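Here are the chains, one letter per residue:
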Amino acid sequence: HGVEQSYETAVEWYRRAADQGDAKAQYNLGVCYQNGHHGVEQNGDLAVEWFRRAADQDYADAQCNLGECYYNGHGVEQSYETAVEWYRRAADQGDAKAQYNLGVCYQNGHHGVEQNGDLAVEWFRRAADQDYADAQCNLGECYYNGHGVEQSY
C-alpha cells in the first residue's frame, strides 16, 4: 500500500488531524486509547475525551462508543441514562450498532429507559435491516418469544 505498516506513525498522523478538529481522526485516537494498542497505552479517560470531541461534531461511531463508555463506566462514571442519550444520537443518524444497543436497553428496561418491547423491536429491526447480525438474532428471539411482536415460530 505504499508505506510500511506502523501503528506509531498512524497515531502521530491521527493526532495531527485530531488536533485540527478532524472528527474521524479524533474517533480513531479514541479507539486506540480505548483498546490500548496501536502505539498508545490504554487510557479510558483519554478515550472518552477523544470520543467526546468527535461525538460533539455528530460523528455517529464516536457517539455510539461514548455511549458504551457510559454504559460500562469506562473512563467516566457509569450512567445508563447518558449512555442512552448518546446511543439515541447515533441511532438517529442510522448507526446500526447504536440502534442495536438502544434496542437492548428497551428490551431490558433497566438501562436508562423503561422496558418497551415495541421500541426494542423497532430499534432491532432498523439495525437488522442493515445486516447487523446481533440485531437480527435478537429480532428472531423477539418473534420466537412474542416480545414486542406477535409470536411467530
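You'll find the structure just up there.
The structure presented is a predicted model; accordingly, all values stated were derived computationally and were not measured.

A closer look at the nonpolar core
The biggest cluster of nonpolar side chains holds 47 residues, and the ones touching the most others in it are Leu66, Leu102 and Phe124. When contributions to this core are tallied by element, the ones reaching two or more residues are helix H1 (7-19), helix H2 (23-35), helix H3 (44-55), helix H4 (60-72), helix H5 (80-92), helix H6 (96-108), helix H7 (117-128) and helix H8 (133-145). Setting aside anything within four residues of it in sequence, one finds Phe124 in contact with Tyr100, Gly103, Val104, Gln107, Ala135, Asn138, Leu139 and Cys142.

A word on the packing of aromatic side chains
Applying the stated rule across the entire model yields six aromatic pairs. Relative to Tyr87, the ring of Tyr71 has its centre 6.4 Å away and its plane inclined at 40°; by these criteria the two rings are tilted. Residue Tyr71 is found in helix H4, and its partner Tyr87 is found in helix H5; the two are separated by 16 residues along the sequence. Taking relative accessible area as the criterion, Tyr71 reaches 19% and is therefore assigned buried.

Side note on unusual backbone geometry
One can expect most non-glycine residues to show negative phi and most peptide bonds to be in trans. The backbone phi angle of Asp58 is positive, close to 65°, even though this residue is not glycine. Its location among the elements puts Asp58 in the loop between H3 and H4. Accessibility expressed as a relative area gives 44% for Asp58, which makes it partly exposed. Phi angles above zero are rare outside glycine, and Asp131 is one such case at about 65°. Considering the arrangement of structural elements, one finds Asp131 in the loop between H7 and H8.

Quick notes on the side chain of Asp95
In this fold, Asp95 is placed in the loop between H5 and H6. Lacking a salt bridge, the buried Asp95 has Lys97 as its closest oppositely charged neighbour, with an N-O distance of 7.3 Å. Of the polar contacts made by the side chain of Asp95, one reaches the backbone nitrogen of Lys97; its length is 3.3 Å. Residues within four places of Asp95 in sequence aside, it is in contact with Ala60, Asp61, Cys64 and Ala90.

Re the environment of Cys105
For Cys105, the position within the fold is in helix H6. We classify Cys105 as buried; its relative accessible area is 0%. As a C-alpha pair, Cys105 and Gly30 span 75 residues in sequence and 24 Å in three-dimensional space.

Focus: the packing of H2 against H3
Interaxial distance between H2 and H3 falls to 8 Å at its minimum, and their mutual angle equals 160°. Between H2 and H3, the angle falls in the class roughly antiparallel. In this structure, the crossing between H2 and H3 has a hand that is left-handed. Residues Ala23, Gln26, Tyr27, Leu29, Gly30, Val31, Tyr33 and Gln34 of H2 form the contact with H3, whose participating residues are Leu46, Ala47, Trp50, Phe51, Arg53 and Ala54.

Parameters at a glance
- Residues numbered from 1 in each chain as written.
- Predicted model: local features only at pLDDT ≥ 70, side-chain atom pairs only at ≥ 80, totals over all residues.
- Heavy atoms only, no water.
- Core = buried A, V, L, I, M, F, W, Y, C linked by side-chain atoms within 4.5 Å.
- Buried < 20%, exposed > 50% of the residue type's maximum accessible area, 1.4 Å probe, protein only.
- Helix = DSSP H or I, 4+ residues; strand = E, 2+ residues; numbered from the N terminus.
- Contact = heavy atoms within 4.5 Å.
- Phe/Tyr/Trp six-rings, centres within 6.5 Å; stacked < 30°, edge-to-face > 60°.
- Lys, Arg positive; Asp, Glu negative; His and termini not counted.
- Salt bridge = Lys/Arg side-chain N within 4 Å of Asp/Glu carboxyl O.
- Polar contact = N/O pair within 3.5 Å; in protein donor to acceptor, adjacent residues only side chain to side chain.
- Axes fitted to C-alpha atoms, helices over the stretch in contact; angles between N-to-C directions.
- Parallel < 35°, antiparallel > 145°, perpendicular 65-115°, else oblique.
- Left-handed = near helix turned anticlockwise from the far one by under 90°.

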